[in-house]
Amino acid sequence: MNKIFISFLCFFTFTSIHSQINEIGVFLGGSNHIGDVGSTTYIAPNEPAFGILYKWNKSPRHAYRFSYTQSQMSGDDRDSDETGRYNRGYKFKNNIKEFSAGLEFNFFDFNLHESKTKLTPYVYSGLSYFFYDDLYIISGVTHKNGIKSNVAIPMTVGIKSNISRSFVLALEVGARYTFTDNLDGSHPSDGSLPKFGNLNNNDWYVFSGLTLTYTFGEKPCYCAE
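The rules we used
- The residue count restarts for each chain, going from 1 along the sequence in the order it is written.
- Per-residue local features of the predicted model are confined to residues with pLDDT of at least 70, and side-chain atom pairs are confined, for both listing and counting, to 80 or more; whole-chain, interface and lining totals are unaffected and use all residues.
- Hydrogen atoms and water are omitted, and side-chain values are computed over all heavy atoms in the structure.
- Helix numbering and strand numbering both begin at the N terminus, where a helix is a DSSP run of H or I of at least 4 residues and a strand a DSSP run of E of at least 2.
- Between buried and exposed lies partly exposed: a residue is buried under 20% and exposed over 50% of the maximum accessible area for its type, with that area taken using a 1.4 Å probe on protein chains only.
- Pairs of residues are marked as contacts when any of their non-hydrogen atoms sit within 4.5 Å.
- Using the Shrake-Rupley algorithm and a 1.4 Å probe, accessible areas are obtained, with residue cover drawn only from the displayed protein chains.
- Strands pair, by our definition, only if DSSP identifies at least two bridges between them.
- Each axis is a line fitted through C-alpha atoms, and for a helix only the stretch in contact is used; angles between axes span 0 to 180 degrees, taken between their N-to-C directions.
- Only the six-membered ring of Trp is used, alongside the rings of Phe and Tyr, when aromatic pairs are assigned; centres must lie within 6.5 Å, and planes under 30 degrees apart are stacked while those over 60 apart are edge-to-face, with the rest tilted.
- Only when the NZ of Lys or the CZ of Arg is both within 6 Å of the ring centre and within 35 degrees of the ring normal is a charge said to sit over the ring.
- In what follows, salt bridge is the name for a side-chain nitrogen of Lys or Arg lying within 4 Å of a carboxyl oxygen of Asp or Glu.
- The quantity called pLDDT is the predictor's confidence in a given residue, expressed from 0 to 100.
- Joining through side-chain atoms within 4.5 Å is the link that ties buried Ala, Val, Leu, Ile, Met, Phe, Trp, Tyr and Cys residues into a set, and such a set is a nonpolar core.

Caption draft 1: Local environment of the overall build of the protein. Secondary structure assignment for the protein yields 2 helices and 8 strands. In sequence order, the protein lays out its α and β elements as α-β-β-β-α-β-β-β-β-β. Counting only residues that meet the buried cut, the protein has 43% of its 225 residues in that class. Put simply, 67% of the contacts in the protein that link residues at least 6 apart link residues at least 24 apart. Of the roughly 12,000 Å² that the protein leaves accessible, carbon and sulfur atoms contribute 61%.

Caption draft 2: Quick peek at the sheet that holds strand β2 (residues 47-57). On the basis of which strands lie adjacent, the closed barrel formed by 8 strands has the order β1-β2-β3-β4-β5-β6-β7-β8 and antiparallel pairing. Geometrically, the sheet is characterised by an average inter-axis angle of 20° between neighbouring strands, direction not taken into account. Where strand β1 (residues 21-34) lies against β2, 11 bridges are found, and the strand directions are antiparallel. From the neighbouring strand, E23 faces β2, where its bridge partner is K55.

Caption draft 3: Layout of the packing of aromatic side chains. All chains considered together, the criterion is met by 14 aromatic pairs. Relative to Y64, the ring of W56 has its centre 5.8 Å away and its plane inclined at 15°; by these criteria the two rings are stacked. Between Y90 and F196, the aromatic rings sit 5.1 Å apart at their centres with planes inclined by 75°, giving edge-to-face as the arrangement. Linking Y90 in the loop between α2 (83-88) and β4 (91-106) with F196 in the loop between β7 (167-178) and β8 (204-216), this pair joins segments that are 106 residues apart in sequence. Overall, the relative accessible area of 19% leaves Y90 in the buried class. Aromatic rings pair up to connect F27, F130, Y132, Y205 and F207 into one cluster. Sitting over the face of the ring of Y122, K55 holds its NZ or CZ atom 5.5 Å from the ring centroid. The ring of Y86 has R78 sitting right over it, with the charged end atom 4.8 Å from the ring centre.

Caption draft 4: Spotlight on the pattern of salt bridges. Going through the model one piece at a time under the given rule, you end up with 9 salt bridges. D77 is paired through a salt bridge with R88; the nearest N and O atoms lie 2.8 Å apart. A residue pair is termed long-range when its members are at least 10 positions apart, and D77 in the loop between β3 (62-76) and α2 and R88 in helix α2 qualify at 11 residues. Judged by its relative accessible area of 30%, R88 is partly exposed. The shortest N-O distance in the salt bridge between R85 and E82 comes to 3.5 Å. Residue classification places R85 among the buried positions, given a relative accessible area of 12%. For E82, a relative accessible area of 39% gives the class partly exposed. Taken together, the shared-partner salt bridges in this structure form one network comprising K55, R65, E104, K160 and E172.

Caption draft 5: Spatial organisation of the confidence of the model for the protein. Mean pLDDT over the protein works out to 89, with 88% of the residues at or above the 70 mark. Across residues 7-19 the pLDDT falls below 50, and counting only partners more than four positions away or on other chains, this stretch makes 17 contacts in the model. This stretch, residues 220-225, has a pLDDT under 50; its non-local contacts, to residues over four places away or in other chains, come to 7 contacts.

Caption draft 6: Spotlight on the nonpolar core. Judged by nonpolar contacts, F27, A49, M73, I96, F130, Y132, A152, L183, Y205 and F207 together constitute the single largest core of 10 residues. Secondary structure elements with two or more residues in this core: β5 (119-138) and β8. Setting aside residues no more than four positions away along its own chain, Y205 makes contact with N32, H33, M73, I96, E98, F130, A152, G174, A175, R176, T178 and L183. Counting residues in hydrophobic clusters, the runner-up holds 6 residues, among them F92, L135, I137 and F196.

This is the structure:
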């Protein structure tokens, strides 16, 4: 009876945790802004970005992901190919501090309990909450009017591989659609301040870079006969 009980215990333990493993690590890369000031290139990192992240791998195909990332974001009309922007000559700097949570999906099985080398593309989305400087521009000079917060939708694509038994390396690009049009000072929250640009389109920001995570957690239950 005891052997049967132990066998059932091991079986249910195995089925519940065999793919539940943790990852914790860092993000290093760059950021860029897409809006009414600066370059119109979608992926063009021009400022360093860094962060930390945690993943809980629920299965070989998906993981719950939580992260904190920060960067100084900047734009300069002199970097734009558009004649109007280039001649206008506006520029700005902003500070982004982002908390994000969501689901990461692997296109191929990525079972971290297997020691063999694995490679898979993946996508990530969820919800981001970020803090930023409330900017406005007068006569070409950028001013700061306090700190605001807002939400964004992250849309990330990447590719990853286990480079050793305990480490996973990934390359990813993540665009964030924000619910504000004022990362660049074009649409200040104070209605008495001047606005410019396309007021019907919100701003985006992009984080591009590498993540390196360390894996740890429970392994399958192997029961003696």
